[in-house]
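Now for the letters of each chain:
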Amino acid sequence: MGVSVAYVTYADPEGFDDEKEIALAAWAEAGITGHIVRWDDPEADWAAFDAVVVRTPWDYIDRRQEFLDWARRVESVTRLFNPVAVLERNTDKTYLRDLKALAIPTYWVAPGEAADFPVLDEYVVKPTVSSGARDTIRTRDRAEAQAHAVRLAAEGRTAMIQPYLDMVEAEGETSLLYFGGRFSHAIRRIPMLTDNPLVLDRDNDRGELRDPEPDQLALAERVLAELPGTLYARVDLVRLPDGSPVLIEVELTEPYLFLRYAPDAAANLARALAEAI
Ligand SMILES: Nc1ncnc2c1ncn2[C@@H]1O[C@H](COP(=O)(O)OP(=O)(O)O)[C@@H](O)[C@H]1O
Ligand SMILES: [Mg+2]
């Protein structure tokens, strides 16, 4: 019997995960039979797989505890990538507090805390558990920023307040993909908090291939040195007005991997997976 690995997704009626086929084709080339399975499929026999790779469980945001309990159960019967300890830490952006020296300046408002932060030109306010800019606002109005932070905290969530960096609309955010700790490819991202029609008309394209700058590679490697042992990692970087690169987030749970954007990307992931099992 060959190697059998679960590709973990969610009940995705819209078919948003368009990376399954290319990933599984590359796994097959590497001698790995992939099986697409919903993380919350009650029939799934996780112990039957040689490994379980978390890919696109994109509905866990409202069910984080259930998702982590699932991951813990799976890890008790087979190899889980990324490991549950990584998923637990990474599904709440509070981990950015430990990477403060490398990350975008952030002011935190936990439930019960005062919404206390400096005056900025323009604010981004977001919850620590999110994806796809959900419940995230951009505003120049300090009272509106404060109100959004207070609203999130009242729901028992922790709010993050950051300066809006308009370089996301010019140079753009850069995502660096690493498989098995090795750099694979980098992507120039489309800004999400903009009403610029030129951007919004782009027909849902998510980004384009780019060569990372040496300072971006150096920063991404410093970030990953703090987070060893991952099969897949996406390091998302922006720049401060003085030009220095900073981390906006590191995606170790359910990142879109841009496998169709670089010729070797899917093969790089398959090779890292084959080495890990
Ligand atoms: N401080 C910021 N300045 C500029 N754009 C931001 C900022 N924070 C978030 N964004 C935009 O919103 C997107 C989503 O925010 P992010 O922090 O990556 O959370 P998530 O992807 O988990 O929702 C980013 O990719 C970027 O386009
Ligand atoms: Mg993001």
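Throughout, a residue's number is its position along its own chain's written sequence, starting from 1. Chain labels run from A onward and ligand labels from 1 onward, assigned in the order the entries are written. Totals for whole chains, interfaces and linings use every residue, but because this is a predicted model, local features are given only for residues with pLDDT of at least 70 and side-chain atom pairs only at 80 or more, for both listing and counting. Calculation of side-chain values draws on the structure's entire complement of heavy atoms; hydrogens and water are dropped beforehand.

**Topic: the environment of Ile36**
Numbering goes from the N terminus for both helices and strands, where a helix is a DSSP run of H or I of at least four residues and a strand is a run of E of at least two. Its place among the elements puts Ile36 in strand S2 (residues 32–38). For the pair Ile36 and Tyr10, spaced 26 residues apart in the sequence, the C-alpha separation amounts to 9.4 Å. Two residues form a contact once any of their heavy atoms are found within 4.5 Å. Setting aside residues up to four positions removed in sequence, Ile36 forms contacts with Tyr7, Thr9, Lys20 and Leu24.

**With respect to the pairing of S2**
With 7 bridges joining them, strand S1 (residues 3–9) and S2 adopt parallel strand pairing. Bridged to Ser4 within S2 is Thr33. For crossovers, right-handed means that the path from the first strand over the helix to the second runs clockwise, given strands pointing away from the viewer. At this point the chain moves from S1, through helix H1 (residues 20–29), to the parallel S2, and the crossover so formed is right-handed. Any two strands are treated as partners once DSSP identifies two or more bridges connecting them.

**Regarding the site of ligand 1**
Taken together, 19 residues sit near ligand 1, with Lys93, Lys126, Ala133, Glu173 and Glu249 positioned nearest. For the purposes of these results, a polar contact is taken to be a pair of N or O atoms within 3.5 Å, where, inside protein, one atom must be able to donate a hydrogen and its partner to accept one; residues adjacent in sequence count only when each atom of the pair is a side-chain atom. Pro163 places a polar main-chain atom, nitrogen or oxygen, 2.9 Å from a nitrogen atom of ligand 1. The fraction of the free accessible surface of ligand 1 (530 Å²) that becomes covered by protein chains is 97%. Only strand S6 (123–127), strand S8 (159–163) and strand S13 (245–251) provide two or more residues apiece to the shell around ligand 1. Each residue gets one of three labels, nonpolar for Ala, Val, Leu, Ile, Met, Phe, Trp, Tyr, Cys and Pro, charged for Asp, Glu, Lys and Arg, and polar for the others, Gly among them. Here the shell around ligand 1 is built from residues that sort into 11 nonpolar, 4 polar and 4 charged. Here the shell around ligand 1 spans two domains, since at least three of its residues come from each of domain 2 (105–164) and domain 3 (167–276). Note on definitions. A residue lies near a molecule or strand when any single heavy atom of the residue is within 4 Å of it. Surface exposure here means Shrake-Rupley accessible area, sampled with a 1.4 Å probe, where a residue is shielded only by the protein chains that are shown. For each domain, the first and last residues come from an automatic or database assignment.

**Some words on the domain arrangement of the protein chain**
As assigned here, the protein chain comprises domain 1 (3–90), domain 2 (105–164) and domain 3 (167–276). Of note, the centres of domain 1 and domain 3, computed from C-alpha atoms alone, are 21 Å apart. Opposite the 25 residues of domain 1 that make contact, domain 3 presents 25 residues. Between domain 1 and domain 3, roughly 2100 Å² of surface is buried when both sides are summed, and carbon and sulfur atoms account for 59% of that area. Here, a salt bridge means any Lys or Arg side-chain nitrogen found within 4 Å of an Asp or Glu carboxyl oxygen. Here domain 1 and domain 3 share 2 salt bridges between them. Taking the shortest distance from any N to any O, the salt bridge between Asp18 and Arg206 comes out at 4.0 Å. For the side of domain 1 that touches domain 3, the secondary structure elements donating two or more residues are H1, strand S3 (51–54), strand S4 (79–81) and helix H3 (84–90). Residue composition of the side of domain 1 that touches domain 3, grouped by class: 18 nonpolar, 2 polar and 5 charged. Buried area: the accessible surface (1.4 Å probe) lost by two parts on joining, summed over both.

**Overview of the sheet that holds S13**
Spatially, 5 strands are ordered S11-S10-S9-S12-S13 in an open sheet, and the strand pairing comes out antiparallel. Taken across any chain shown, the strands that pair with only one partner, and hence form the sheet edges, are strand S11 (207–209) and S13. Across the sheet, the mean angle from the axis of one strand to that of its neighbour is 30 degrees, orientation sign disregarded. By the bridge criterion, 3 bridges tie strand S10 (residues 182–189) to S11 in an arrangement that is antiparallel. Counted as the bridge partner of Ile187 is Leu209 from S11. As a rule, the C-alpha atoms of each element are fitted with a line to give its axis, helices using only the stretch in contact, and angles between N-to-C directions run from 0 to 180 degrees. Sitting on the sheet, helix H7 (residues 265–276) touches strand S9 (174–179) and S10, and the angle it makes with S10 is about 145 degrees.

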